[in-house]
Amino acid sequence: MTLRIYNTLTRRVEDFSPIEPGHVRMYVCGMTIYDLCHVGHARMMMAFDVVYRWLVARGYRVTYVRNITDIEDKIIKRAVERNISIRQLTNEMIAAMRADIGAIGVATPTHEPRATDHVQGMVDMIGTLEQKGLAYRASTGDVNYSVRKFPSYGKLSGKSLDDLRAGERVAVDDGKQDPLDFVLWKSAKPEEPADAKYDSPFGPGRPGWHIECSAMSCALLGERFDIHGGGMDLQFPHHENEIAQSEGALGHPFVNVWMHNGFLNVDNVKMSKSLGNFFTIRDVLKHYDGETLRFFMLRTHYRSPFNYSDAHLDDARSALRRLYTALASVADVPEVAMDLANPAEQAFHAAMDDDFNTPGALAVLFDLAAELNRNKSPAVAGQLKALAATLGILQQSPAAFLQAGSLLDDATIQLRLEERQTAKQARDFARADQIRKELEAAGILLKDSPQGTTWVKA
């Protein structure tokens, strides 16, 4: 089987072949770390976590870099508002990010560089661009990139220079020769805190947002690597600018495959604080467990628009329960090795090799669960769990998942079960039924079998 990936740059699905056989080098734009991560961030990091996991499952050695932007206007503003240092703020937010995405099973990347640890590399690249005539010093003290001197600018977004407009983070001011030019080095302002200023040949200041990823990716992955990923909102201007400054400095292409995950909507409307439909990961985890949130996101292809709603999360929880319930029918699930001679595994691999088609892969898991419900086969249970592991799901014990979040503690539930069993033995079936109903009212569903009574959370 051949892995095929949609390349935003070429606008087509292509056979994937790494530059170095057996080794994939991947860079994903991570967080600007001034506040808690929201659901859109979770979707992006989870999407590329699946890419990373599948590459590893296919036998590749993967060097995965996901950066942290820890110097930027919003970060400075928030640190000043809280009267703390930039480092205090970013350390706090990094810890929160790791806890939140850890709850949805996002694996730790190979490298997680902080922008502030790579400022010298950014200064060096800006110097190279200036020497090549692609960057200029503005009257404001900033150093800007001259977009119109890079002939292929716009090849990622597919727009001509005249069609393009300054993006969200490109502030147009009198110091620019062209509105599309973007800042590489921001000169320091007197009112800014000392820890927001770095020395450079261009004067004190800090790097622009775009140059950070170019410098960090080159430092950790080399001057040409396999995959660069991020949210669709980064395609322009951020990734377009990355191409311009990186290829302008290096003199050759630096990424083979560009990948972008789709936008997030909430109840079919774009998520926005101003609309009151803004949710952090922590907001969601107050009501749903991390695996349910992960499973919910897996049900949508990473390139498709992702629609968040409580109704969809409730449905995802029910669907995930069906998979765990099937696994619960086997007492001891064995560990099994991947076997592409098996038709189910062939179908699963075909789905994932088709541009990481997680909805198709989940359909295979549900087929296996249906088979497991029929035959209670330990081998099928092992296969189900092994394939699910490549997606980061179904790795808890079924009992732990199915019983999680009940309103009663385990000891209380056990006492009620014993009380019900005593009533049944005394042929007081009315009392036994009443106990069942009381437990159901508390969110506990009972299942009687010849082996005894078990329970799950409703």
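Residues numbered from 1 in each chain as written. Predicted model: local features only at pLDDT ≥ 70, side-chain atom pairs only at ≥ 80, totals over all residues. Heavy atoms only, no water.

Draft legend 1. Here's a closer look at the packing of aromatic side chains. Counting across every chain of the model gives 14 aromatic pairs. Arranged with centres 6.1 Å apart and planes meeting at 55°, the rings of W185 and F202 form a pair that is tilted. Here W185 is found in strand β7 (residues 182–187), whereas its partner F202 is found in the loop between β7 and β8 (205–207), with 17 residues between them in sequence. Look at W185 and you get buried, because its relative accessible area is 0%. Ring geometry for F279 against Y308: centres 5.3 Å apart, planes inclined by 35°, an arrangement best described as tilted. Of the two residues, F279 is situated in the loop between β12 (269–270) and α7 (281–285) and Y308 in strand β13 (residues 306–308); the sequence distance between them amounts to 29 residues. Judged by relative accessible area, Y308 falls into the buried class, the value being 3%. An aromatic cluster is present here, built from Y27, F225, F254 and W258 joined pairwise through their rings. Seen from the ring of F401, R317 lies directly overhead, with NZ or CZ sitting 4.2 Å from the centre. (Phe/Tyr/Trp six-rings, centres within 6.5 Å; stacked < 30°, edge-to-face > 60°. Helix = DSSP H or I, 4+ residues; strand = E, 2+ residues; numbered from the N terminus. Buried < 20%, exposed > 50% of the residue type's maximum accessible area, 1.4 Å probe, protein only. Lys NZ or Arg CZ within 6 Å of the ring centre and 35° of its normal.)

Draft legend 2. Representation of the confidence of the model for the chain within the structure. Averaged over all residues, the pLDDT of the chain equals 92, while 95% of them reach at least 70. Below pLDDT 50 for its whole length, residues 166–170 participates in 17 contacts with residues either more than four positions away or in separate chains. (pLDDT = per-residue confidence, 0-100. Contact = heavy atoms within 4.5 Å.)

Draft legend 3. Spatial organisation of the sheet that holds β12. Ordered by their spatial adjacency, 3 strands build an open sheet running β12-β11-β13, and the pairing between neighbours is mixed. Each end of this open sheet is capped by a strand with a single partner; those strands are β12 and β13. (Pairing = 2+ DSSP bridges.)

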